[in-house]
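# Structural overview for review
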Amino acid sequence: MGRLALVGAGRMGLPIVRALVRAGHDVRVSDRRPEVAPAVRDAGARWAPDDVTRGVDVVFTALPGNPELRASMPGLLDAIGPGVTWIDLTSTAPDLGRELAGAARARGVEVLDAPLGGGPAAASDAALTLYVGGRAEVLDRHRALLGAFADRIHHCGEPGTGYLTKLLVNVLWFTQAAAVTEVLLLGQRAGLAPGVLGELLGDGPASSDFLRDYLPALLAGDGLRSFGLDRVVEELDAVRSAAAAAGSPYVVAGAVTDLYRDALAHFGPVDGELLGAAYLEHLAGRRLAD
């Protein structure tokens with residue numbers, strides 16, 4: 001049993017709180033939205049917005065994105081003492097993550113970046129994937145704790161590599177969503193039924209988890225509304241910045257980033273991971289479901 005703090009009781013944070021409580025941990029929670037306090041208490045955790053880090057061994061952050069993390073961490077770092085471990089579950093831009101991790105280590109705080117793979121359902125089932133950057137011995141010390149809500153824990157390397165790995169996974173997923181939509185729309189114009197073509201693609205050398213697992217949602221016009229379109233663009237922009245800093249090409253993914261930015265301008269900051277696909281349908285003047 002450990003004494004834990006978690007900052008951010010949102011779509012992902014709240015089911016993680018429940019999993020940690022089920023595992024027998026004493027969990028203190030804070031969130032900038034006081035209206036989530038009843039749900040936190042119902043999960044068996046302590047609502048502690050004013051002193052969330054008091055007496056804890058590990059501090060988790062599970063925030064929507066970069067702006068919230070940047071706003072929260074100065075106050076948290078002032079309150080966290082030496083010997084505490086900070087584990088960031090946010091899909092953070094690598095440069096921001098390295099900046100904040102450096103400030104934490106200067107205070108004697110151990111740091112792991114461990115962004116999440118999987119959505120709220122996986123969090124509820126303790127079946128998340130973690131992409132972890134940081135010292136191997138720190139991860140080993142906390143692996144059992146992380147196992148309360150994740151069943152796949154990958155050590156990616158030095159600090160910051162977890163952040164980058166998670167973002168690269170997402171870049172490839174968003175790229176596949178765009179490419180599959182374009183192919184299906186072109187086939188549809190030539191008289192190929194999108195469902196039939198999608199099944200053929202999924203049974204051939206170009207198959208992917210996207211085709212196998214998400215084709216029904218794409219064909220049904222399901223935007224997968226568990227993640228905001230503005231957050232998609234935030235993540236893609238972070239990878240564009242990382243590629244520029246590394247002097248690495250970002251041609252194909254750059255086009256996908258521009259597509260999602262155009263989708264954001266068209267639809268606004270609404271929820272939907274597949275709204276890039278919906279924007280391609282808008283440009284084509286037809287829907288795959290037609």
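All of the points below concern the structure found in this document.

Analysis parameters
Residues numbered from 1 in each chain as written. Predicted model: local features only at pLDDT ≥ 70, side-chain atom pairs only at ≥ 80, totals over all residues. Heavy atoms only, no water. 1 Å grid on protein atoms, 1.4 Å probe; cavity = no way out; pocket = protein on both sides within 12 Å on 5 of 7 lines; lining within 4 Å. Points joined across faces, edges and corners; volume = space filled by probe spheres on them. Helix = DSSP H or I, 4+ residues; strand = E, 2+ residues; numbered from the N terminus. Nonpolar A, V, L, I, M, F, W, Y, C, P; charged D, E, K, R; others polar. Buried < 20%, exposed > 50% of the residue type's maximum accessible area, 1.4 Å probe, protein only. Core = buried A, V, L, I, M, F, W, Y, C linked by side-chain atoms within 4.5 Å. Contact = heavy atoms within 4.5 Å.

### A few points about the layout of surface pockets
- In this structure, the second largest pocket encloses a volume near 330 Å³.
- As for the second largest pocket, its lining consists of 18 residues, of which Pro94, Arg98, Leu164, Ala242 and Ala243 are closest to the centre.
- Within the residue set of the lining of the second largest pocket, elements represented by two or more residues are helix 4 (94–105), helix 7 (161–189) and helix 10 (229–246).
- With seven residues, the top contributor of residues to the lining of the second largest pocket is helix 10.
- In terms of residue class, the lining of the second largest pocket is made up of 12 nonpolar, three polar and three charged.

### Details of unusual backbone geometry
- The residue alanine 126 is not glycine, and still its phi comes out positive at about 55°.
- Within the secondary structure, alanine 126 sits in the loop between helix 5 (120–124) and strand 8 (128–133).
- The backbone of leucine 224 sits at a positive phi, close to 55°, despite the residue not being glycine.
- Structurally, the position occupied by leucine 224 is in the loop between helix 9 (209–220) and helix 10.
- You can call leucine 224 buried: its relative accessible area is 17%.

### What about empty space enclosed by the protein?
- The tally for this structure, following the rule as stated, stands at one cavity of 30 Å³ or more.
- Approximately 40 Å³ is the volume found for the largest cavity.
- At the level of secondary structure, the elements contributing two or more residues to the lining of the largest cavity comprise helix 4 and strand 6 (110–113).
- Of the residues forming the lining of the largest cavity, the biggest block, three residues, is contributed by helix 4.
- Split by residue class, the lining of the largest cavity holds five nonpolar, two polar and two charged.

### Focus: the nonpolar core
- Trp86, Leu184, Leu218, Tyr260 and Leu274 are the most contacted members of the largest nonpolar core, which totals 59 residues.
- Looking at this core, the element that brings in the most residues is helix 7, giving nine residues.
- With sequence-adjacent residues up to four places away left out, leucine 274 is seen in contact with Trp173, Ala177, Phe210, Ala217, Leu218, Asp222, Gly223 and Leu224.
- The next biggest cluster of nonpolar side chains, apart from the first, holds 38 residues, and it includes Ala19, Leu20, Val29 and Leu139.

### Quick notes on the environment of glutamine 176
- When you line up the elements, glutamine 176 lands in helix 7.
- Since its relative accessible area comes to 23%, glutamine 176 is described here as partly exposed.
- Along the sequence, glutamine 176 and valine 256 sit 80 residues apart, while their C-alpha atoms lie 9.5 Å from each other.
- Setting aside residues up to four positions removed in sequence, glutamine 176 forms contacts with Ser208 and Phe210.

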